Amino acid sequence: MEPIADLSWMKDLLTGQVVERIPLGDYRAVALQMEDSDERRHNQYHYRLLIFPHRENKPVLSLNLETSLLGAPCLTEQTGSEHQILADAEEEMAYEKFRRWALERARAELHLG
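Presented here is a report on the structure given in the accompanying data block. (Residues numbered from 1 in each chain as written. Predicted model: local features only at pLDDT ≥ 70, side-chain atom pairs only at ≥ 80, totals over all residues. Heavy atoms only, no water.)

### Remarks on the packing of aromatic side chains
Note the cut-off: Geometry of aromatic contacts follows a simple scheme: Phe, Tyr and Trp rings, the Trp one being its six-membered ring, pair when their centres are within 6.5 Å, and the pair is stacked under 30 degrees between planes, edge-to-face over 60, tilted otherwise. Only runs of H or I of at least four residues qualify as helices and only runs of E of at least two qualify as strands under DSSP, and these elements are numbered from the N terminus. A simple rule labels every residue: compare its accessible area, found with a 1.4 Å probe on the protein chains alone, to the largest value its type can have, and call it buried under 20%, exposed over 50%, or partly exposed in between. For a lysine, the NZ atom is tested; for an arginine, the CZ atom; a charge sits over a ring if that atom is within 6 Å of the ring centre and within 35 degrees of the ring normal.
Within this structure, the stated rule accounts for four aromatic pairs. On the basis of an interplanar angle of 80° and a centroid distance of 5.9 Å, the ring pair of Trp 9 and Phe 52 is categorised as edge-to-face. Here the residue Trp 9 occupies a position in helix H1 (residues 8-15), and Phe 52 occupies one in strand E3 (residues 45-53), the gap between them amounting to 43 residues. Comparing Trp 9 with Phe 52 shows no difference in burial state: the two are buried. Between Phe 98 and Trp 101, the ring centres sit 6.0 Å apart and the planes meet at 45°, which makes this aromatic pair tilted. In this pair, Phe 98 and Trp 101 are both assigned in helix H2 (residues 95-109), three residues apart and thus about one turn of the helix distant. Put simply, the rings of Tyr 47, Tyr 95, Phe 98 and Trp 101 touch in pairs and so form one group of aromatic residues. Between the NZ or CZ atom of Arg 48 and the centre of the ring of Tyr 45, over which it lies, the distance is 3.8 Å.

In structure tokens form, the structure reads like this:
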């Protein structure tokens, strides 16, 4: 898999809160929570699970709870240069629910048992 093309993950890794680091087969995952620091600068992402191959410093998969351009919460996936909406989401989805969804999706996408 090639690294995700959207480089916003770098800013989010620096400014977001690392919730946890998760070993995932031949990969490692970093779960992030983003806070809106300024009412005028809304962050489209609420939670992100960035998946890195071991010994690599660029993620190949990002699973996200984000707000769409129309303002609706949704679950999305980024791989390479692709960004797709997978499902609608609850307005106030709890981290644990996002975590379960994201890890299940990551295991399926990465063909992990």
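Still more ground to cover, so stick around.
### Focus on the side chain of Arg 48
The criterion, for reference: Whenever a nitrogen or oxygen atom comes within 3.5 Å of another N or O atom, the pair is scored as a polar contact, on the condition that within protein one atom can donate a hydrogen and the other can accept it, and that pairs from neighbouring residues in sequence are kept only if both atoms are in side chains.
Tracing the sequence through the fold places Arg 48 in strand E3. At 2.7 Å, the side chain of Arg 48 forms a polar contact with the side chain of Gln 78.

### Remarks on the pattern of salt bridges
Rule in force here: Salt bridge, as applied in this entry: a Lys or Arg side-chain nitrogen positioned within 4 Å of an Asp or Glu carboxyl oxygen.
The tally for this structure, following the rule as stated, stands at six salt bridges. Between Lys 97 and Glu 90 there is a salt bridge, with its nearest N and O atoms 2.3 Å apart. Overall, the relative accessible area of 37% leaves Lys 97 in the partly exposed class. Each of Lys 11, Asp 12 and Arg 48 takes part in a single network of salt bridges with overlapping partners.

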